[in-house]
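Inside the fold
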Amino acid sequence: MTSSSESGLSVEQATHASLLDQVESAERELRSAAGRSVAQDGDLVAYFEALVAAEQKVEPRDWMPDAYRRSLVRQIAQHAHSEIIGMQPEANWISRAPSLKRKAILLAKVQDEAGHGLYLYAAAETLGVSRADLVEMLIEGRQKYSSIFNYPALTWADVGAIGWLVDGAAIVNQVPLCRCSYGPYARAMIRICKEESFHQRQGFEILHTLSHGTPRQKEMAQDAVNRWWYPSLAMFGPPDASSTHSSQSMTWKIKRFSNDELRQRFVDMCVQQAGVLDLALPDPELAWSPVRGAYDYTHPDYAELERVIRGDGPCSRQRIAHRRRTHDDGTWVREAAAAHAAKAAASRGTSSAGASSSSARSSSGPSSSSGPSSVGLSAAGAPVVAGSARAAGGVP
């Protein structure tokens, strides 16, 4: 007989496998598209539209409408900022996780999120913006990040709820982005989604352990789900009728589904998993609709979403203040890295110039050398000039 724990994890594993199947399918399509081409007749607009229509990828070298570029910068930057800001609520629990194993897993997850931010900032830079400018715009409030990270993580169960609901919503939203029309973004999303699927499993497993533990643990898990459910629904953005960017983004195939379509997918996915967790979704109106073939549900408070986006969330000021402080604290690291890179570049330039000079002297014969040298052959048969390390800019 299968235990409740085994049954619960098998249901979640099936969802996990389905999501990974979609990512792998998108990855195969990405590779297939690289082997195809679209004829170019000199009309840049027509070529761009043909690329998008043919499910090819627009690359940084390709012409693209300014509005397309701006839309991508806005979306990718917001996504990158969300990954970095999103480290904060969970990082607070690394030192308080209930076991060494839990600490190690959570630390690895937070490190993953930092990596995701770096992938996305790099993708944005292919559009002609600098990472430094994007970070500055975030800190100054001129760019946004996901509203969900302006809520506090009060208990260890919140870490589970963030993994199950927040990362689950992110996966539903992001898996279609693996088919984004812009190549660098699509390629970044392939790797990100593979890692996010494990983050969602981690959250599900935490909640499953708590909900099948003591009554107090189950109560804590239910409380976390109650608090994170509606903010997670709001992650998909405003309803379609009020969405500013969705329609054009779908035309350009930056995104593939509307906000409401993705929100519905998320609800339908969570209902079955909540049953396995033996936790209730806090929606008395949640019910299966045989007509629609989906669950009816209560929408989140979109007025609250707008307030949080404007910077009036429970932790909005705290999140940006922390990001500003860590950015300032890291100034010396950035300056040291820049100085090291400049020194390395100068060294390479000196080495190249010295090698050219040494080569010129060698080719003009021994009499042109400023000092004694002996010419031989290396093991690979290449000429070796003894005593030329200093002239070539190397270390004696």
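In every chain, residue numbers begin from 1 and rise along the written sequence. Restriction of local features to residues with pLDDT of at least 70 applies here, the model being predicted, together with a cutoff of 80 or more for giving and counting side-chain atom pairs; totals for whole chains, interfaces and linings are based on all residues. Neither water nor hydrogens contribute to the side-chain values; these are computed over all heavy atoms in the structure.

Description of the overall build of the chain
Secondary structure elements follow DSSP: runs of H or I of four or more residues count as helices, runs of E of two or more count as strands, with numbering from the N terminus. The secondary structure content of the chain amounts to 14 helices and four strands. Residue burial is assigned from relative accessible area. The probe radius is 1.4 Å, only protein chains are included, and a residue is buried under 20% of its type maximum, exposed over 50%, and partly exposed in between. For the chain, the proportion of its 396 residues judged to be buried stands at 44%. Two residues qualify as a contact provided that any one of their heavy atoms is within 4.5 Å of a heavy atom in the partner residue. Considering only intrachain contacts with a sequence separation of at least 6, the fraction spanning at least 24 residues in the chain is 75%. Note that accessible areas follow from Shrake-Rupley with a 1.4 Å probe, and for residues the cover is restricted to the protein chains shown. Accessible surface, the chain as shown: approximately 19800 Å² in total, 56% of it carbon and sulfur.

Observations concerning the pattern of salt bridges
Salt bridge criterion: a side-chain nitrogen from Lys or Arg within 4 Å of a carboxyl oxygen from Asp or Glu. For the structure on display, the rule yields 16 salt bridges. One salt bridge in this structure joins lysine 194 and glutamate 27, with 3.0 Å as the shortest N-O distance. Note that lysine 194 is positioned in helix α8 (residues 183-211) and glutamate 27 in helix α1 (residues 4-34), a separation of 167 residues in sequence. Exposure remark for lysine 194: the relative accessible area of 29% places this residue in the partly exposed category. Judged by relative accessible area, glutamate 27 falls into the buried class, the value being 18%. Note that arginine 102 is salt-bridged to glutamate 205, the shortest N-O span being 2.6 Å. Placement of the pair is arginine 102 in helix α5 (residues 100-125) and glutamate 205 in helix α8, with a sequence separation of 103 residues. Given the relative accessible area of 17%, arginine 102 is considered buried.

Here we look at helix α6 (residues 131-139)
Every buried residue of α6 is accounted for by Leu134, Val135, Met137, Leu138 and Ile139. In this structure, the buried side of α6 is in contact with α3 (66-85), α5 and α13 (316-329). One or two positions beyond α6, positive phi appears at glycine 141, with a value near 85°.

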